[in-house]
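Geometric and topological summary
The lines below spell out each chain.
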Amino acid sequence: MDTKIGSIDTCKATHNDAVTIHTPMIPFNSPDSTLGRHIARRLVQVGVTDVFGVPGDFNLTLLDHLIAEPGLQFIGCCNELNAGYAADGYARARGVGACVVTFTVGGLSVLNAIAGAYSENLPLICIVGGPNSNDYGTNRVLHHTIGLSDFSQELRCFQTVTCYQAVVNNLEDAHEMIDTAISTSLKESKPVYISISCNLPGIPHPTFSREPVPFCISPRLSNKMGLEAAVEAAAEFLNKAVKPVVVGGPKLRVAKASDAFVELANASGYAVAVMPSAKGMVPEHHPHFIGTYWGAVSTAFCTEIVESADAYLFAGPIFNDYSSVGYSLLLKKEKAIIVQPDRVTIANGPAFGCVLMKDFLAALAKRLKHNPTAHENYRRIYVPEGHPLKCEPKEALRVNVLFQHIQRMLSGDTAVIAETGDSWFNCQKLKLPEGCGYEFQMQYGSIGWSVGATLGYAQAAQEKRVIAFIGDGSFQVTAQDISTMLRCGQRTIIFLINNGGYTIEVEIHDGPYNVIKNWNYTGLVDAIHNGEGKCWTTKVRCEEELVEAIETATEAKKDCLCFIEVIVHKDDTSKELLEWGSRVSAANSRPPNPQ
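Residues numbered from 1 in each chain as written. Predicted model: local features only at pLDDT ≥ 70, side-chain atom pairs only at ≥ 80, totals over all residues. Heavy atoms only, no water.

The protein carries the name pyruvate decarboxylase in an unreviewed UniProt entry, which gives Anisodus tanguticus as its organism. You can read under Catalytic activity (unreviewed entry) in the UniProt record for the protein the words "a 2-oxocarboxylate + H(+) = an aldehyde + CO2". Regarding the protein, the UniProt comment filed under Subunit (unreviewed entry) reads as follows: "Homotetramer." (UniProt positions renumbered as here; feature names shortened; annotations may be inferred.)

See below:
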């Protein structure tokens, strides 16, 4: 079976007939038979209709050909870092994203965003306008470089954060290199790097004289014997357990296994939890869903059920110092089945390679005895969470009151973007309605990510209203691209949480460097708005003002970009951040082992 890529259905043979793909001829030397138009058509074909970037002299001709392609829009961002973050957010909603920058000075600026996309397993096509093809091998020194005649610095930087690199400086193999790069990004679910010499995009070549043949990317297949053996061993392990549980991890996305995970949950009857970075990948309205498993800062009663289980299956986990709360999880290897995208490890016993997660989970679902014991235990000990203390009239707004009102805003027509910081912890406690999107960047944790990611996600998922939660410290890193949101006519609601500093850092290790210069954030956004586009801003200091602001944003200003600055006390944090910060601090400050 072949996979479907973007909006293109692959062609499949039936009854052993050969497949004939009819693609219209484009006359050689036509304006449409160029390298630039080929890559533009490829992007549209895989589902990219918006490319984010910053123009520079090495990519200008390429941009001409990209914007000439029907169905492809170039969205100019305020800097390359934000363009990369936007492509990241776009890929989360659309399945693939793309950005275009100029050589080295632009490439090294976007590099941090590409590294983040790599860490989160996102297909992202990073295109760089490179030097003139005649300059390679000439010992010439070019501008936008560090002053060496070796042009490979940028390439060497990208090699560690992309799964494939193509330097296109001649037309003969350009077609093959571009197609290989894009298909590799889709297959590996990782970013790729494509450098295109600045003098090549407008030149016709016979290899571009047809419309691109639609991608037919054969999916990976499980080793049948390995799959059967893994399912047999896992079923035996789980069926003899008394109170097993299943926990979804962030690699459910790259394995495309969320549906298979739900199938397993339905068949098994086990209590179902997610790791924090998998929030949104498993439906929270599932009858056996018990919340987020995050060690000491888990959803109430979730950690007790998971860690007291006598068997747990983790599907696609990432155990790092953040997700393990400073390595403090009380899990035992001998109780765990760890399912990665193409590998299954059972307790201290066997490991099975070349076994795809979605195949394994679907097959295992058919072999498990129904066992709701863990979920029944959860229901016995569960006590409904309390409500925040009622605010006095005009009392300073508390964060727990803020998120009580946010919960009521969520629906299947919304999506939540949570910035690195206390927004992680507050947003984790939100109960997502069916269809509500949710994204944050936990593995890389780059502050400022959410501004660009909100831009990209909202552009890719225009049917949803994005609600973003950004701390003041993070916002100062990437604030400029509010202007791009306005140019694109987006109707996002941004809650800027102003508490005067880097609160997450304060709870790990405090110091004067965690206090930042306060801005008039609504005044800044008003200045960026400058009367062009639809924008509404307000400051809120108490619950009454918050209620009024939410009502305005969701009714009278529902078609506007709404920016709500929420002013809270500098020490008003979630209890989870206080606990998590102290544990991460302890992990960071471990003394050196004796030599």
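1. Here we look at the packing of helix α1 (residues 35-45) against helix α2 (residues 60-67)
The interhelical angle for the contact between α1 and α2, taken along N-to-C directions, is 50°, at an axis separation of 8 Å. The orientation of α1 with respect to α2, classified from their angle, is oblique. Of the two elements, α1 crosses α2, and the hand of that crossing is right-handed. From α1, G36, R37, I39, A40 and L43 reach across to α2, where they touch L62, H65 and L66. Taken together, the residues of the contact of α1 with α2 sort by class into five nonpolar, two polar and one charged. (Axes fitted to C-alpha atoms, helices over the stretch in contact; angles between N-to-C directions. Helix = DSSP H or I, 4+ residues; strand = E, 2+ residues; numbered from the N terminus. Parallel < 35°, antiparallel > 145°, perpendicular 65-115°, else oblique. Left-handed = near helix turned anticlockwise from the far one by under 90°. Contact = heavy atoms within 4.5 Å. Nonpolar A, V, L, I, M, F, W, Y, C, P; charged D, E, K, R; others polar.)

2. As for the nonpolar core
Core analysis: the largest hydrophobic core is formed by 57 residues, its most contacted members being F52, I114, C126, F158, F475 and I482. Core analysis: the second largest hydrophobic core is formed by 44 residues, I406, I508, W580 and V584 among them. (Core = buried A, V, L, I, M, F, W, Y, C linked by side-chain atoms within 4.5 Å. Buried < 20%, exposed > 50% of the residue type's maximum accessible area, 1.4 Å probe, protein only.)

3. Looking at the sheet that holds strand β14 (residues 414-418)
If you trace the six strands from one edge of the open sheet to the other, you get β15-β14-β16-β17-β19-β18, paired in parallel fashion. Lying at the two open borders of the sheet, with one neighbouring strand each, are β15 (437-440) and β18 (535-540). When the angles between neighbouring strand axes are averaged without regard to direction, this sheet yields 15°. Sheet topology note: the β14/β15 ladder contains four bridges and is parallel. Bridging across to β15, A418 finds its partner in F440. (Pairing = 2+ DSSP bridges.)

4. Quick look at the packing of aromatic side chains
Applying the stated criterion across every chain yields a total of 22 aromatic pairs. Each ring, one from F314 and one from F319, has its centre 5.4 Å from the other, and the planes form 65°; the classification is edge-to-face. On the basis of relative accessible area, F319 is assigned to the partly exposed category, the value being 39%. Of the aromatic side chains, those joined through ring pairs into one cluster are W294, Y322, W424, F425, Y438, F440 and W580. In this structure, K190 packs its charged tip against the face of Y118, placed 3.9 Å from the ring centre. The ring of Y438 has K279 lying over it, and the distance from NZ or CZ to the ring centre is 5.5 Å. (Phe/Tyr/Trp six-rings, centres within 6.5 Å; stacked < 30°, edge-to-face > 60°. Lys NZ or Arg CZ within 6 Å of the ring centre and 35° of its normal.)

5. What about the pattern of salt bridges?
Using the criterion set out here, one finds 19 salt bridges in the structure. Here R140 makes a salt bridge to D135, at a shortest N to O gap of 2.8 Å. Notably, a salt bridge pairs K279 with E284, separated by 2.8 Å at the nearest N-O pair. Side by side, K279 and E284 carry an identical accessibility label, which is buried. Salt bridges here are not isolated pairs; linked through shared partners, they connect D88, R92, E120, R253 and E439. (Salt bridge = Lys/Arg side-chain N within 4 Å of Asp/Glu carboxyl O.)

6. Some details on the state of the cysteines
If you walk through the whole model with that rule in mind, you get zero disulfides. The thiol of C126 is not disulfide-bonded; the next cysteine sulfur, from C99, is found 3.9 Å away. Judged by its relative accessible area of 0%, C126 falls in the buried class. (Disulfide = S-S within 2.5 Å.)

7. So, the UniProt feature "domain: Thiamine pyrophosphate enzyme N-terminal TPP-binding" (unreviewed entry) in the protein
Mapped onto this structure's residue numbering, the UniProt feature "domain: Thiamine pyrophosphate enzyme N-terminal TPP-binding" (unreviewed entry) falls at residues 34-139. Its end C-alpha atoms 29 Å apart, residues 34-139 is made of 44% helix and 20% strand.

8. Side note on the pairing of strand β2 (residues 73-76)
Two elements, strand β1 (residues 50-53) and β2, share four bridges in a ladder whose sense is parallel. Residue pairing across strands places F52 opposite I75, the latter belonging to β2. Regarding the hand of the β-α-β motif, the stretch spanning β1, α2 and β2 is right-handed. (Right-handed = clockwise from strand over helix to strand, strands pointing away.)

9. Observations concerning the side chain of Q45
Structurally, Q45 is set in helix α1. In this structure Q45 comes out as buried when scored by relative accessible area, which is 9%. Reaching out from Q45, the side chain makes a polar contact with the side chain of R42 at a distance of 2.5 Å. (Polar contact = N/O pair within 3.5 Å; in protein donor to acceptor, adjacent residues only side chain to side chain.)

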